[in-house]
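# Structural overview
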Amino acid sequence: MQMSEDLIRSVVQQVLNQMGTGAAPTNGSSNGKASGGDYGVFPTVEAAVDAAESAFQTFRNSSLADRKKAVSCIRNICVEQADELGRLELEETKIGRLDHKIAKLRGTIPLIPGVEYLRTDLNSGDDGLTLTDYTPFGVIGAITPVTHSLPTLAANAINMLSSGNTMVVNAHPSGSNIAAHGVRLFNKAIAEATGLENLITIIDPPTLKTAAGLFENPKIRLLVVTGGPAVARAALASKRRAIVAGPGNPPVVVDATACLDNAAKSIVIGGAFDNNLLCIGEKQVFAVAEIFDKLLDTMAKHGGFRLSAPQIESLTRAAFETGSDGKPHVNKDLVGKDPAFLAEFAGIRVPEGTQLLYGETGFDHPFVQEEQMMPFVPFVKVPNVDRAIALAKESEHDFGHTAVLHSRDVSVMSKMGKLMDCTIFVINGPSIAGLGAGGEGVPSFSIAGPTGEGVTTPLTFCRQRRTAVTGGLRFA
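To start, this report covers the structure provided alongside it. (Residues numbered from 1 in each chain as written. Predicted model: local features only at pLDDT ≥ 70, side-chain atom pairs only at ≥ 80, totals over all residues. Heavy atoms only, no water.)

### Overview of the overall build of the protein chain
Along the protein chain, the regular secondary structure elements total 16 helices and 20 strands. Viewed in the frame of its principal axes, the protein chain has a C-alpha envelope of about 65 × 60 × 45 Å. Across the 476 residues of the protein chain, 57% fall into the buried class. Of the contacts made within the protein chain by residues no fewer than 6 positions apart, 75% connect residues no fewer than 24 positions apart. When the accessible area of the protein chain is evaluated, it comes to approximately 19100 Å², of which 50% is carbon and sulfur surface. For the protein chain, the distance from the average site of its 43 positive side-chain charges to the average site of its 49 negative ones is 4 Å. (Helix = DSSP H or I, 4+ residues; strand = E, 2+ residues; numbered from the N terminus. Buried < 20%, exposed > 50% of the residue type's maximum accessible area, 1.4 Å probe, protein only. Contact = heavy atoms within 4.5 Å. Areas by Shrake-Rupley, 256 points an atom, 1.4 Å probe, with all protein chains shown as cover. Lys, Arg positive; Asp, Glu negative; His and termini not counted. Charge placed at Lys NZ, Arg CZ, Asp CG, Glu CD.)

### Things to note about the pairing of strand β6 (residues 200-203)
Neither face of β6 is exposed, since I200 and I202 on one face and T201 and I203 on the opposite face are all buried. With two bridges connecting them, strand β1 (residues 41-42) and β6 associate as parallel partners. When the sheet's bridge partners are listed, V41 is paired in β6 with I202. Viewed along the sheet, the connection from strand β5 (residues 166-171) through helix α7 (residues 176-194) into β6 turns out right-handed. (Pairing = 2+ DSSP bridges. Right-handed = clockwise from strand over helix to strand, strands pointing away.)

### With respect to the nonpolar core
If you look at the biggest cluster of nonpolar residues, it comprises 48 residues, and the most contacted ones within it are V253, V254, I267, F286, L295, M299 and F379. Take this core: its biggest share by element is six residues, from helix α10 (residues 260-272). Not counting chain neighbours up to four residues away, the residues in contact with V253 comprise F286, V385, A388, I389, A392, V404, L405, H406 and M416. One finds L85, L153, A171 and A179 within the second-largest nonpolar core, a separate group that totals 46 residues. (Core = buried A, V, L, I, M, F, W, Y, C linked by side-chain atoms within 4.5 Å.)

### Brief notes about the sheet that holds β1
Reading across from one edge, β1-β6-β5-β4-β7-β8 is the order of the six strands in this open sheet, with parallel pairing throughout. Here the strands that pair on one side only, and so sit at the sheet edges, are β1 and β8 (242-245). In this structure, strand β4 (residues 139-144) lies alongside β5, joined through six bridges in parallel fashion. By the bridge assignment, I140 is partnered in β5 with M167. Running at roughly 165 degrees to β8, helix α9 (residues 229-237) makes contact with β4, β7 (220-226) and β8 of the sheet. (Axes fitted to C-alpha atoms, helices over the stretch in contact; angles between N-to-C directions.)

### Re the packing of aromatic side chains
Within this structure, the stated rule accounts for five aromatic pairs. Centre to centre, the rings of F286 and F363 are 6.1 Å apart; their planes meet at 45 degrees, and the pair counts as tilted. Note that F286 is positioned in strand β10 (residues 284-288) and F363 in the loop between β14 (356-360) and α14 (366-369), a separation of 77 residues in sequence. For F286, a relative accessible area of 0% translates into the label buried. Linked through ring pairs, F320, F367 and F376 together constitute an aromatic cluster. (Phe/Tyr/Trp six-rings, centres within 6.5 Å; stacked < 30°, edge-to-face > 60°.)

### Topic: a nonpolar patch on the surface
Nonpolar side chains collect at one region of the surface, where V469, L473 and F475 lie side by side and expose about 330 Å² of accessible area between them. Secondary-structure assignment places F475 in the segment after β20 (462-470). Judged by relative accessible area, F475 falls into the exposed class, the value being 78%. (Patch = residues over 30% accessible without salt bridge, like charges linked within 9 Å, V, L, I, M, F, W, Y side chains within 5 Å. Salt bridge = Lys/Arg side-chain N within 4 Å of Asp/Glu carboxyl O.)

### Section: the pattern of salt bridges
For the structure on display, the rule yields 16 salt bridges. With a closest N to O distance of 2.8 Å, D38 and R184 form a salt bridge. Separated by 146 residues along the polypeptide, D38 in the loop between α1 (5-19) and β1 and R184 in helix α7 bring together distant segments of the chain. Residue D38 shares its accessibility class with R184, and that shared class is buried. Of the charged contacts, one joins K104 and D274 as a salt bridge, the two residues approaching to 2.6 Å between their closest N and O atoms. Linking K104 in helix α5 (residues 98-108) with D274 in the loop between α10 and β10, this pair joins segments that are 170 residues apart in sequence. Taking relative accessible area as the criterion, K104 reaches 2% and is therefore assigned buried. Members of the salt-bridge network, linked through shared partners, are E84, R87 and E91.

### Some remarks on the pairing of strand β16 (residues 402-406)
Burial within β16 is extensive, with five of its five residues counted as buried. Burial of the side chains of β16 extends over both faces: T402, V404 and H406 are buried on one face and A403 and L405 on the other. Strand direction decides the pairing type here: strand β9 (residues 251-254) and β16, joined by three bridges, are parallel. Paired with V253 across the bridge in β16 is L405. Two elements, β16 and strand β17 (residues 424-427), share four bridges in a ladder whose sense is parallel. The residue bridging A403 from the neighbouring strand is F425, located in β17. Viewed along the sheet, the connection from β16 through helix α16 (residues 410-420) into β17 turns out right-handed.

Structure, rendered in C-alpha coordinates:
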(Lines give C-alpha, C1' and ligand atoms only; values in the text may rest on other atoms or scores of the structure.)
Protein backbone atom coordinates (compact mmCIF):
# COMPACT_ATOMS: atom_id res chain seq x y z
CA MET A 1 0.00 0.00 0.00
CA GLN A 2 1.38 3.42 -0.96
CA MET A 3 1.42 6.11 1.67
CA SER A 4 0.02 9.54 0.80
CA GLU A 5 1.26 12.70 2.48
CA ASP A 6 -2.18 13.24 4.02
CA LEU A 7 -2.15 9.77 5.56
CA ILE A 8 1.34 10.31 6.95
CA ARG A 9 0.30 13.60 8.49
CA SER A 10 -2.86 12.13 9.95
CA VAL A 11 -1.30 9.13 11.67
CA VAL A 12 1.85 10.89 12.83
CA GLN A 13 -0.23 13.69 14.32
CA GLN A 14 -2.10 11.04 16.34
CA VAL A 15 1.22 9.76 17.61
CA LEU A 16 2.46 13.19 18.63
CA ASN A 17 -0.83 13.83 20.40
CA GLN A 18 -0.65 10.67 22.50
CA MET A 19 1.68 12.07 25.13
CA GLY A 20 2.12 15.71 24.20
CA THR A 21 2.10 17.70 20.99
CA GLY A 22 4.43 20.04 19.26
CA ALA A 23 8.17 20.25 19.20
CA ALA A 24 10.21 19.75 22.32
CA PRO A 25 12.76 22.42 23.19
CA THR A 26 16.36 21.63 22.39
CA ASN A 27 18.44 20.25 25.21
CA GLY A 28 20.38 22.79 27.18
CA SER A 29 23.42 20.53 27.34
CA SER A 30 24.71 21.53 23.90
CA ASN A 31 28.46 21.24 23.48
CA GLY A 32 28.48 24.53 21.58
CA LYS A 33 29.06 22.97 18.18
CA ALA A 34 27.50 24.31 15.02
CA SER A 35 23.81 23.62 14.52
CA GLY A 36 24.71 21.50 11.49
CA GLY A 37 25.76 18.68 13.80
CA ASP A 38 26.27 18.40 17.53
CA TYR A 39 27.67 14.91 18.15
CA GLY A 40 24.90 13.43 16.04
CA VAL A 41 22.14 15.93 16.82
CA PHE A 42 20.80 17.62 13.66
CA PRO A 43 17.97 20.10 13.07
CA THR A 44 16.58 18.49 9.89
CA VAL A 45 15.79 15.03 8.58
CA GLU A 46 18.00 15.54 5.55
CA ALA A 47 21.05 16.52 7.61
CA ALA A 48 20.58 13.65 10.06
CA VAL A 49 20.08 11.06 7.32
CA ASP A 50 22.95 12.33 5.20
CA ALA A 51 25.29 12.21 8.19
CA ALA A 52 24.19 8.67 9.04
CA GLU A 53 24.56 7.59 5.41
CA SER A 54 28.10 9.00 5.27
CA ALA A 55 28.90 7.28 8.56
CA PHE A 56 27.59 3.99 7.22
CA GLN A 57 29.92 4.08 4.21
CA THR A 58 32.84 4.21 6.65
CA PHE A 59 31.32 1.90 9.25
CA ARG A 60 30.61 -0.89 6.75
CA ASN A 61 34.35 -1.23 6.16
CA SER A 62 35.27 -1.08 9.84
CA SER A 63 36.25 -4.09 11.90
CA LEU A 64 34.07 -6.10 14.25
CA ALA A 65 36.40 -4.84 16.97
CA ASP A 66 35.22 -1.29 16.26
CA ARG A 67 31.61 -2.40 16.46
CA LYS A 68 32.33 -3.97 19.83
CA LYS A 69 34.01 -0.78 21.04
CA ALA A 70 31.04 1.33 19.93
CA VAL A 71 28.58 -0.95 21.71
CA SER A 72 30.73 -0.96 24.85
CA CYS A 73 30.65 2.83 24.91
CA ILE A 74 26.85 2.80 24.98
CA ARG A 75 26.68 0.13 27.66
CA ASN A 76 29.27 1.84 29.85
CA ILE A 77 27.55 5.22 29.70
CA CYS A 78 24.17 3.70 30.59
CA VAL A 79 25.67 1.89 33.57
CA GLU A 80 28.00 4.57 34.87
CA GLN A 81 25.60 7.49 34.41
CA ALA A 82 22.36 5.62 35.15
CA ASP A 83 21.44 7.76 38.16
CA GLU A 84 21.80 11.04 36.30
CA LEU A 85 20.27 9.85 33.04
CA GLY A 86 17.34 8.24 34.82
CA ARG A 87 16.72 11.46 36.73
CA LEU A 88 16.84 13.55 33.55
CA GLU A 89 14.37 11.25 31.82
CA LEU A 90 11.92 11.35 34.72
CA GLU A 91 12.18 15.13 35.00
CA GLU A 92 11.39 15.53 31.32
CA THR A 93 8.71 12.89 30.81
CA LYS A 94 7.20 13.09 34.31
CA ILE A 95 6.07 9.46 34.13
CA GLY A 96 7.32 6.30 35.80
CA ARG A 97 9.59 5.68 38.79
CA LEU A 98 13.15 6.88 39.25
CA ASP A 99 14.44 3.62 40.75
CA HIS A 100 13.05 1.65 37.83
CA LYS A 101 14.34 4.09 35.21
CA ILE A 102 17.78 3.70 36.74
CA ALA A 103 17.36 -0.09 36.79
CA LYS A 104 16.49 -0.17 33.09
CA LEU A 105 19.75 1.58 32.26
CA ARG A 106 22.07 -0.04 34.80
CA GLY A 107 20.54 -3.51 34.89
CA THR A 108 18.94 -4.13 31.49
CA ILE A 109 21.12 -2.33 28.92
CA PRO A 110 24.23 -4.47 29.68
CA LEU A 111 22.12 -7.55 28.84
CA ILE A 112 21.05 -6.30 25.40
CA PRO A 113 22.78 -8.63 22.90
CA GLY A 114 25.54 -7.17 20.75
CA VAL A 115 28.13 -8.35 18.23
CA GLU A 116 28.46 -11.69 20.02
CA TYR A 117 24.91 -12.52 18.89
CA LEU A 118 25.81 -12.50 15.20
CA ARG A 119 26.46 -15.77 13.42
CA THR A 120 27.49 -17.27 10.10
CA ASP A 121 25.71 -20.30 8.64
CA LEU A 122 27.56 -22.93 6.59
CA ASN A 123 26.38 -25.79 4.42
CA SER A 124 29.00 -28.21 3.12
CA GLY A 125 28.40 -31.16 0.79
CA ASP A 126 29.47 -32.99 -2.35
CA ASP A 127 28.69 -29.98 -4.53
CA GLY A 128 30.72 -27.47 -2.52
CA LEU A 129 30.20 -25.00 0.27
CA THR A 130 27.56 -22.32 0.84
CA LEU A 131 28.14 -19.49 3.30
CA THR A 132 25.29 -17.35 4.67
CA ASP A 133 26.33 -14.05 6.25
CA TYR A 134 24.15 -11.70 8.30
CA THR A 135 24.91 -8.23 6.99
CA PRO A 136 23.62 -4.68 7.59
CA PHE A 137 20.76 -2.97 5.80
CA GLY A 138 22.40 0.47 5.93
CA VAL A 139 20.69 3.46 7.52
CA ILE A 140 17.81 2.56 9.82
CA GLY A 141 15.12 5.06 10.79
CA ALA A 142 13.88 4.58 14.36
CA ILE A 143 10.86 6.01 16.15
CA THR A 144 11.20 5.82 19.94
CA PRO A 145 8.47 6.21 22.60
CA VAL A 146 8.12 8.48 25.61
CA THR A 147 7.63 5.53 27.96
CA HIS A 148 11.26 4.36 27.68
CA SER A 149 12.93 7.10 25.65
CA LEU A 150 16.63 6.59 26.36
CA PRO A 151 16.49 2.83 27.14
CA THR A 152 14.74 2.11 23.82
CA LEU A 153 17.21 4.27 21.92
CA ALA A 154 20.22 2.68 23.66
CA ALA A 155 18.94 -0.88 23.21
CA ASN A 156 18.16 -0.33 19.53
CA ALA A 157 21.55 1.31 19.02
CA ILE A 158 23.35 -1.69 20.54
CA ASN A 159 21.43 -4.09 18.29
CA MET A 160 21.70 -1.99 15.12
CA LEU A 161 25.35 -0.96 15.46
CA SER A 162 26.29 -4.55 16.29
CA SER A 163 24.72 -5.51 12.96
CA GLY A 164 26.79 -2.88 11.17
CA ASN A 165 23.99 -0.37 10.57
CA THR A 166 23.81 3.30 11.42
CA MET A 167 20.60 4.86 12.68
CA VAL A 168 18.52 8.03 12.59
CA VAL A 169 16.18 8.63 15.52
CA ASN A 170 12.96 10.61 15.69
CA ALA A 171 12.12 10.56 19.40
CA HIS A 172 8.74 11.20 20.95
CA PRO A 173 8.54 14.96 21.60
CA SER A 174 7.94 14.47 25.33
CA GLY A 175 11.18 12.49 25.64
CA SER A 176 13.30 14.22 23.02
CA ASN A 177 15.67 16.10 25.32
CA ILE A 178 16.96 13.00 27.09
CA ALA A 179 17.17 11.17 23.76
CA ALA A 180 19.28 13.93 22.20
CA HIS A 181 21.45 14.13 25.31
CA GLY A 182 22.05 10.39 25.14
CA VAL A 183 22.99 10.56 21.45
CA ARG A 184 25.56 13.27 22.22
CA LEU A 185 27.09 11.18 24.99
CA PHE A 186 27.18 8.00 22.92
CA ASN A 187 28.65 9.60 19.81
CA LYS A 188 31.30 11.53 21.72
CA ALA A 189 32.48 8.37 23.47
CA ILE A 190 32.39 6.32 20.25
CA ALA A 191 34.38 8.95 18.34
CA GLU A 192 37.02 9.03 21.06
CA ALA A 193 37.25 5.23 21.14
CA THR A 194 37.14 4.48 17.40
CA GLY A 195 37.34 7.70 15.41
CA LEU A 196 33.90 6.93 13.95
CA GLU A 197 31.37 9.77 13.93
CA ASN A 198 27.58 10.02 13.62
CA LEU A 199 26.85 6.31 13.93
CA ILE A 200 23.69 7.46 15.71
CA THR A 201 21.95 10.64 14.61
CA ILE A 202 18.81 12.27 15.94
CA ILE A 203 16.49 15.00 14.70
CA ASP A 204 16.06 17.74 17.26
CA PRO A 205 13.47 19.12 17.67
CA PRO A 206 11.15 16.35 16.44
CA THR A 207 8.01 17.57 14.70
CA LEU A 208 5.20 16.24 12.55
CA LYS A 209 7.22 17.19 9.49
CA THR A 210 10.38 15.40 10.63
CA ALA A 211 8.50 12.21 11.45
CA ALA A 212 6.87 12.17 8.02
CA GLY A 213 10.18 13.05 6.36
CA LEU A 214 11.96 10.16 8.02
CA PHE A 215 9.28 7.74 6.83
CA GLU A 216 9.69 8.92 3.25
CA ASN A 217 13.44 9.54 2.95
CA PRO A 218 14.82 7.27 0.18
CA LYS A 219 18.11 6.70 2.03
CA ILE A 220 16.31 4.97 4.89
CA ARG A 221 16.54 1.24 4.18
CA LEU A 222 14.52 0.01 7.15
CA LEU A 223 12.07 1.53 9.63
CA VAL A 224 11.91 0.40 13.26
CA VAL A 225 8.93 1.77 15.14
CA THR A 226 8.17 1.35 18.82
CA GLY A 227 4.87 2.89 19.88
CA GLY A 228 1.09 2.84 19.88
CA PRO A 229 -1.51 1.91 17.27
CA ALA A 230 -1.27 5.10 15.19
CA VAL A 231 2.48 5.00 14.64
CA ALA A 232 2.29 1.25 13.98
CA ARG A 233 -0.26 1.85 11.23
CA ALA A 234 1.91 4.56 9.72
CA ALA A 235 4.94 2.28 9.60
CA LEU A 236 3.01 -0.61 8.09
CA ALA A 237 1.65 1.70 5.38
CA SER A 238 5.06 3.09 4.49
CA LYS A 239 6.97 2.29 1.31
CA ARG A 240 9.88 1.11 3.46
CA ARG A 241 10.21 -2.29 5.05
CA ALA A 242 9.19 -1.85 8.70
CA ILE A 243 9.76 -3.67 11.95
CA VAL A 244 6.91 -2.63 14.21
CA ALA A 245 6.70 -2.97 17.99
CA GLY A 246 3.06 -2.16 18.56
CA PRO A 247 0.76 -1.84 21.58
CA GLY A 248 -0.31 -4.48 24.06
CA ASN A 249 -2.92 -5.02 26.75
CA PRO A 250 -1.49 -8.05 28.56
CA PRO A 251 -4.01 -10.19 30.48
CA VAL A 252 -3.27 -12.51 33.41
CA VAL A 253 -5.14 -15.75 34.10
CA VAL A 254 -5.01 -17.38 37.55
CA ASP A 255 -6.60 -20.80 37.96
CA ALA A 256 -7.38 -22.93 41.02
CA THR A 257 -4.09 -24.86 40.82
CA ALA A 258 -1.87 -21.78 40.99
CA CYS A 259 0.45 -20.91 43.85
CA LEU A 260 -1.42 -17.82 44.99
CA ASP A 261 1.48 -16.32 46.88
CA ASN A 262 3.68 -16.50 43.79
CA ALA A 263 0.86 -15.22 41.58
CA ALA A 264 0.19 -12.21 43.79
CA LYS A 265 3.88 -11.40 44.16
CA SER A 266 4.43 -11.70 40.40
CA ILE A 267 1.45 -9.50 39.52
CA VAL A 268 2.75 -6.78 41.82
CA ILE A 269 6.30 -7.00 40.46
CA GLY A 270 5.25 -6.84 36.81
CA GLY A 271 2.29 -4.48 37.13
CA ALA A 272 4.17 -2.01 39.33
CA PHE A 273 7.38 -1.85 37.31
CA ASP A 274 7.95 1.75 36.25
CA ASN A 275 4.32 2.40 37.24
CA ASN A 276 3.08 -0.06 34.60
CA LEU A 277 4.61 1.72 31.62
CA LEU A 278 6.01 -1.52 30.21
CA CYS A 279 4.06 -2.78 27.20
CA ILE A 280 4.42 -6.31 28.63
CA GLY A 281 3.18 -5.31 32.10
CA GLU A 282 0.17 -7.00 33.70
CA LYS A 283 -2.86 -4.87 32.80
CA GLN A 284 -5.87 -7.01 33.91
CA VAL A 285 -6.36 -10.24 35.83
CA PHE A 286 -8.96 -12.99 35.30
CA ALA A 287 -9.13 -15.28 38.34
CA VAL A 288 -11.46 -18.22 38.93
CA ALA A 289 -14.08 -17.80 41.64
CA GLU A 290 -12.68 -20.65 43.75
CA ILE A 291 -9.52 -18.70 44.64
CA PHE A 292 -10.59 -15.14 43.78
CA ASP A 293 -11.00 -13.69 47.28
CA LYS A 294 -7.89 -15.38 48.62
CA LEU A 295 -5.83 -14.07 45.72
CA LEU A 296 -7.02 -10.52 46.35
CA ASP A 297 -6.20 -10.85 50.04
CA THR A 298 -2.73 -12.17 49.19
CA MET A 299 -1.96 -9.18 46.99
CA ALA A 300 -1.80 -6.98 50.09
CA LYS A 301 1.11 -9.02 51.45
CA HIS A 302 3.30 -7.98 48.53
CA GLY A 303 2.75 -4.23 48.37
CA GLY A 304 -0.71 -4.08 46.82
CA PHE A 305 -3.52 -1.88 48.15
CA ARG A 306 -7.11 -2.88 47.44
CA LEU A 307 -9.62 -0.24 46.36
CA SER A 308 -13.34 -0.56 47.06
CA ALA A 309 -15.90 -0.33 44.27
CA PRO A 310 -16.72 3.36 44.99
CA GLN A 311 -12.99 4.19 45.12
CA ILE A 312 -12.40 2.45 41.79
CA GLU A 313 -15.19 4.42 40.19
CA SER A 314 -13.78 7.69 41.52
CA LEU A 315 -10.39 6.81 40.07
CA THR A 316 -11.99 5.75 36.79
CA ARG A 317 -13.70 9.13 36.37
CA ALA A 318 -10.29 10.80 36.63
CA ALA A 319 -8.35 8.21 34.60
CA PHE A 320 -10.57 8.21 31.52
CA GLU A 321 -12.17 10.90 29.43
CA THR A 322 -14.97 10.40 26.94
CA GLY A 323 -13.78 11.22 23.43
CA SER A 324 -15.71 12.62 20.52
CA ASP A 325 -16.32 9.02 19.46
CA GLY A 326 -18.15 8.36 22.72
CA LYS A 327 -15.47 5.92 23.90
CA PRO A 328 -13.24 6.21 26.99
CA HIS A 329 -9.74 7.55 26.39
CA VAL A 330 -6.89 7.47 28.87
CA ASN A 331 -6.21 10.73 30.70
CA LYS A 332 -2.53 11.33 29.93
CA ASP A 333 -2.10 13.28 33.17
CA LEU A 334 -2.43 10.03 35.14
CA VAL A 335 -0.30 7.77 32.92
CA GLY A 336 2.78 6.45 34.71
CA LYS A 337 2.03 8.26 37.96
CA ASP A 338 2.74 6.80 41.40
CA PRO A 339 0.10 4.75 43.26
CA ALA A 340 -0.16 7.46 45.92
CA PHE A 341 -0.98 10.02 43.23
CA LEU A 342 -3.71 7.82 41.76
CA ALA A 343 -5.08 7.10 45.23
CA GLU A 344 -5.82 10.78 45.73
CA PHE A 345 -8.33 10.57 42.87
CA ALA A 346 -9.90 7.59 44.64
CA GLY A 347 -10.30 9.80 47.69
CA ILE A 348 -7.82 8.00 49.92
CA ARG A 349 -4.23 7.97 51.12
CA VAL A 350 -2.26 4.74 50.84
CA PRO A 351 0.57 3.50 53.10
CA GLU A 352 4.10 4.48 52.19
CA GLY A 353 5.69 1.81 50.04
CA THR A 354 2.49 0.84 48.24
CA GLN A 355 3.55 -0.62 44.89
CA LEU A 356 0.26 -1.24 43.13
CA LEU A 357 -3.44 -0.47 43.47
CA TYR A 358 -5.95 -3.18 42.60
CA GLY A 359 -9.60 -4.09 42.96
CA GLU A 360 -12.54 -5.98 41.48
CA THR A 361 -14.27 -4.77 38.30
CA GLY A 362 -16.43 -6.15 35.55
CA PHE A 363 -15.13 -7.28 32.16
CA ASP A 364 -16.40 -4.19 30.32
CA HIS A 365 -14.64 -1.77 32.66
CA PRO A 366 -12.31 0.76 30.95
CA PHE A 367 -9.37 -0.39 33.07
CA VAL A 368 -9.82 -3.88 31.58
CA GLN A 369 -10.36 -2.84 27.98
CA GLU A 370 -7.79 -0.04 27.61
CA GLU A 371 -3.99 -0.18 27.74
CA GLN A 372 -3.98 2.34 30.56
CA MET A 373 -0.32 2.22 31.76
CA MET A 374 -1.10 3.10 35.38
CA PRO A 375 -0.28 1.19 38.59
CA PHE A 376 -3.87 0.01 39.04
CA VAL A 377 -4.77 -3.54 38.01
CA PRO A 378 -8.42 -4.65 37.77
CA PHE A 379 -9.41 -8.19 38.81
CA VAL A 380 -12.35 -9.92 37.11
CA LYS A 381 -13.98 -12.96 38.76
CA VAL A 382 -14.81 -15.82 36.38
CA PRO A 383 -16.50 -19.20 36.96
CA ASN A 384 -13.79 -21.39 35.45
CA VAL A 385 -10.45 -21.32 33.67
CA ASP A 386 -11.91 -21.77 30.19
CA ARG A 387 -13.96 -18.63 30.65
CA ALA A 388 -10.89 -16.84 32.03
CA ILE A 389 -8.84 -17.71 28.97
CA ALA A 390 -11.64 -16.69 26.60
CA LEU A 391 -12.01 -13.29 28.28
CA ALA A 392 -8.23 -12.85 28.39
CA LYS A 393 -8.13 -13.40 24.63
CA GLU A 394 -10.91 -10.88 24.06
CA SER A 395 -9.38 -8.23 26.32
CA GLU A 396 -6.00 -8.50 24.57
CA HIS A 397 -7.72 -7.27 21.37
CA ASP A 398 -5.61 -9.54 19.12
CA PHE A 399 -2.51 -7.39 19.57
CA GLY A 400 -0.62 -10.67 19.96
CA HIS A 401 1.77 -9.04 22.40
CA THR A 402 1.98 -10.60 25.87
CA ALA A 403 -0.08 -12.85 28.14
CA VAL A 404 0.57 -14.30 31.61
CA LEU A 405 -0.71 -17.50 33.24
CA HIS A 406 -0.48 -18.79 36.80
CA SER A 407 -1.27 -22.51 36.85
CA ARG A 408 0.24 -25.90 37.64
CA ASP A 409 -1.92 -27.64 35.03
CA VAL A 410 0.04 -28.35 31.86
CA SER A 411 -3.13 -28.77 29.82
CA VAL A 412 -4.16 -25.24 30.78
CA MET A 413 -0.72 -23.99 29.81
CA SER A 414 -1.05 -25.56 26.37
CA LYS A 415 -4.62 -24.37 25.86
CA MET A 416 -3.92 -20.75 26.75
CA GLY A 417 -0.62 -20.60 24.87
CA LYS A 418 -2.26 -21.79 21.66
CA LEU A 419 -5.31 -19.55 21.94
CA MET A 420 -3.49 -16.35 22.91
CA ASP A 421 -0.84 -16.76 20.16
CA CYS A 422 1.19 -13.95 21.74
CA THR A 423 4.78 -12.94 21.10
CA ILE A 424 5.52 -13.42 24.81
CA PHE A 425 3.76 -15.94 27.06
CA VAL A 426 4.88 -16.06 30.69
CA ILE A 427 3.90 -18.93 32.99
CA ASN A 428 4.16 -18.69 36.80
CA GLY A 429 6.24 -15.53 36.91
CA PRO A 430 6.02 -11.77 36.47
CA SER A 431 5.66 -10.38 32.97
CA ILE A 432 9.24 -9.10 33.01
CA ALA A 433 10.47 -12.71 33.12
CA GLY A 434 9.54 -12.81 29.44
CA LEU A 435 12.42 -10.39 28.83
CA GLY A 436 14.99 -12.18 30.95
CA ALA A 437 14.31 -10.49 34.31
CA GLY A 438 13.77 -13.55 36.47
CA GLY A 439 13.49 -15.70 33.35
CA GLU A 440 15.86 -16.79 30.61
CA GLY A 441 16.44 -15.04 27.29
CA VAL A 442 17.66 -11.67 26.11
CA PRO A 443 15.83 -8.41 26.81
CA SER A 444 14.67 -5.76 24.37
CA PHE A 445 12.63 -2.56 24.44
CA SER A 446 11.22 -3.24 20.96
CA ILE A 447 8.96 -6.29 20.77
CA ALA A 448 7.87 -6.67 17.17
CA GLY A 449 4.53 -8.41 17.32
CA PRO A 450 2.67 -6.90 14.32
CA THR A 451 5.48 -7.73 11.88
CA GLY A 452 6.45 -11.02 13.53
CA GLU A 453 10.12 -10.55 14.44
CA GLY A 454 9.35 -10.85 18.16
CA VAL A 455 11.94 -9.78 20.73
CA THR A 456 14.48 -7.88 18.65
CA THR A 457 18.19 -8.78 18.57
CA PRO A 458 21.09 -7.83 16.28
CA LEU A 459 19.95 -10.54 13.85
CA THR A 460 16.61 -8.74 13.48
CA PHE A 461 18.40 -5.88 11.75
CA CYS A 462 20.40 -7.97 9.29
CA ARG A 463 20.04 -9.03 5.67
CA GLN A 464 20.97 -12.59 4.79
CA ARG A 465 23.55 -12.87 2.02
CA ARG A 466 24.54 -16.21 0.51
CA THR A 467 27.83 -17.10 -1.18
CA ALA A 468 28.04 -20.50 -2.91
CA VAL A 469 31.38 -22.06 -3.83
CA THR A 470 30.77 -25.02 -6.14
CA GLY A 471 32.81 -28.17 -6.49
CA GLY A 472 35.26 -27.64 -3.65
CA LEU A 473 36.16 -26.60 -0.11
CA ARG A 474 34.90 -29.79 1.48
CA PHE A 475 37.62 -31.20 3.74
CA ALA A 476 35.85 -34.16 5.36
